[in-house]
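# Descriptive analysis of the structure
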Amino acid sequence: MWAQEYNKPNDKATFMNTLTTCVNKVVKDGYTDSFKVTRQGLYSPSKDRHYAPEDITVVNFYRFEGESDPGDEMIMYVIETTDGLKGTLIDAYGPYADEHVNKFMGQVETCPKDANPGSNKSE
């Protein structure tokens, strides 16, 4: 189920224009875990558990671009797991994206906003 609050990607509203502000917003909404991608899958430090692509749903994602440096491009995925854990996964976007995160997120059932939000479109 898609959260109604998160249905407009990259909304330029002033309260959501930085990664920090966006993280703070979703944390207030209960997305408190900071996921990582490992060889075993999506890792939750708080639960010390790994999740397979079929065990997660991308509720939303947000892209952030630096004003002048392509190295400042980031993407934040807002994620829920099948056992109810809520959190975020943050990665570089574009040429600096982590290939393991891209590969894992490419296997996840897609968010309706974008067929593959983490893909590197330049390849």
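Structure's up top.
For every chain, the first residue of the written sequence is number 1, and numbering continues from 1 along that sequence. For this predicted model, a pLDDT threshold of at least 70 governs which residues receive local features, and a threshold of 80 or more governs which side-chain atom pairs are given and counted, while totals over whole chains, interfaces and linings are taken from all residues. Heavy atoms throughout the structure, all of them, feed into the side-chain values; hydrogens and water do not.

Bringing the overall build of the protein chain into the picture now. Working definition: helices are DSSP H or I runs of at least four residues, strands are E runs of at least two. Numbering for both runs from the N terminus. Each helix and strand counted, the protein chain has two helices and seven strands in total. For the protein chain, the sequential pattern of α-helices and β-strands runs α-β-β-β-β-β-β-β-α. The proportion of buried residues among the 123 residues of the protein chain is 38%. We call two residues in contact when some of their heavy atoms are within 4.5 Å. Long-range contacts, defined here as pairs at least 24 residues apart, represent 55% of the contacts in the protein chain between residues at least 6 apart. In this scheme, a residue with accessible area under 20% of its type's maximum is buried, one over 50% is exposed, and one in between is partly exposed, where area comes from a 1.4 Å probe on protein chains only.

Right, let's get into the sheet that holds strand S3 (residues 41–44). When DSSP finds two or more bridges between a pair of strands, those strands are recorded as paired. The sheet built from three strands is open, its strands ordered S2-S3-S4 with antiparallel pairing. This sheet does not close on itself; its edge strands, each paired only once, are strand S2 (36–38) and strand S4 (49–51). Strand-to-strand twist across the sheet, computed as the mean angle between neighbouring axes with direction ignored, equals 40°. Where helix H2 (residues 99–107) meets the sheet, it contacts S2, S3 and S4, and its direction lies at approximately 90° from that of S2. Comment: axis = line fitted to C-alpha atoms, over the contacting stretch for helices; angle = value between 0 and 180 degrees taken between N-to-C directions.

None of this, on its own, says anything about what the molecule does.
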